[in-house]
Protein chains: 2
Amino acid sequence: MPATSRAVVPTTVRGVTVHHLTPIEDARGRLTAGEFGTEIPFTPKRYFLVYDVPVDQVRGQHAHRRCAQFLVCVRGSVLVRVDDGAASENIELTTPSTGLFVPPMVWGEQHRYSADAVLLVFASEHYDADDYVREYSEFLRLAGG
Amino acid sequence: MPATSRAVVPTTVRGVTVHHLTPIEDARGRLTAGEFGTEIPFTPKRYFLVYDVPVDQVRGQHAHRRCAQFLVCVRGSVLVRVDDGAASENIELTTPSTGLFVPPMVWGEQHRYSADAVLLVFASEHYDADDYVREYSEFLRLAGG
């Protein structure tokens, strides 16, 4: 299938964008495609899937120093909070055809995973424990600098 | 999170391997991670998601000349048929922690999508209509040569 059309919508949070990919629909179901480096702003070195999250649990709660991420809720729904230290927004992801680009040095949290939710995340860097900023006070200091 | 441990299991179909990634589990849910170029045998140029497929529909039914793919059923289940022209296997994907590597010039079909199934596919190449072999008779001729 060809690359699907898309719209990129900015948010009030620095560098965070919402990407709408148009699914291809026919009698055989739906298909949403994304090309890395164009529709998704980077080529990933890693992916991860988050699932079976109890609805009252919060995940994320960190920023990355260098790693960018692209989040797609491929089933169910999840509320993603993004925060650049000055502005923050809560963005609900409810469809496989929406992606959320989160650049480095943006604090991210995920709330209200639905029971069937599966969150797919593409990461621009390999795993590196030193890339995580896990204390919000440190994040604010770094983001302010 | 660090890269998860994994096992790679060959099949009887040329170059097709089943990849078991170990999920990380805690009170906040489950997470399965894969690094491209190591756990997944290539760095993707594209991904696509297939969903809302009626259970009686068949998808795929083609081979790729150059493109390799890595299939993960991230929700529900799907039966994948792979065929190298000599041997074939039906492999049921039922968990986000299993991936199926399909090299070029292997015929692939997907059957029996469950109502909630979401199939995630990583592709090693950008979309190219000329990369598809859509006639099984042509596939057999090319695979035999």
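Undergrad: I'd like to hear about the pattern of salt bridges, residue by residue, with values.
TA: Side chains that differ in charge, positive against negative, can pair when their charged atoms come close. The full count for this structure, using the stated rule, is 18 salt bridges over all chains. Between A:Arg46 and B:Glu35 there is a salt bridge, with its nearest N and O atoms 3.8 Å apart. Residue A:Arg46 is located in strand 5 (residues 46-51), and its partner B:Glu35 is located in strand 4 (residues 29-35); the two belong to separate chains. Between B:Lys45 and B:Glu125 there is a salt bridge, with the nearest N and O atoms lying 3.6 Å from each other. With a gap of 80 residues between them, B:Lys45 in the loop between strand 4 and strand 5 (46-51) and B:Glu125 in the loop between strand 12 (118-123) and strand 13 (132-133) connect regions that are remote in the sequence. On the basis of relative accessible area, B:Glu125 is assigned to the partly exposed category, the value being 28%. Counted as one network, the salt bridges with shared partners bring together A:Glu25, A:Arg30 and B:Asp52.

Undergrad: An account of the relation of the copies chain A and chain B is requested, with residue identities and associated values reported.
TA: Mapping chain A onto chain B calls for a rotation angle of 180 degrees and an axial translation of 0.0 Å; the resulting RMSD is 0.0 Å. The superposition of one copy onto the other is thereby described by a two-fold rotation axis. Both copies contact each other with a shared surface, as 100% of the interface residues of chain A are interface residues in chain B too.

What counts, and where the lines are drawn
Residues numbered from 1 in each chain as written. Chains lettered and ligands numbered in written order. Predicted model: local features only at pLDDT ≥ 70, side-chain atom pairs only at ≥ 80, totals over all residues. Heavy atoms only, no water. Salt bridge = Lys/Arg side-chain N within 4 Å of Asp/Glu carboxyl O. Helix = DSSP H or I, 4+ residues; strand = E, 2+ residues; numbered from the N terminus. Buried < 20%, exposed > 50% of the residue type's maximum accessible area, 1.4 Å probe, protein only. Least-squares fit on C-alpha atoms with pLDDT ≥ 70 in both. Contact = heavy atoms within 4.5 Å.

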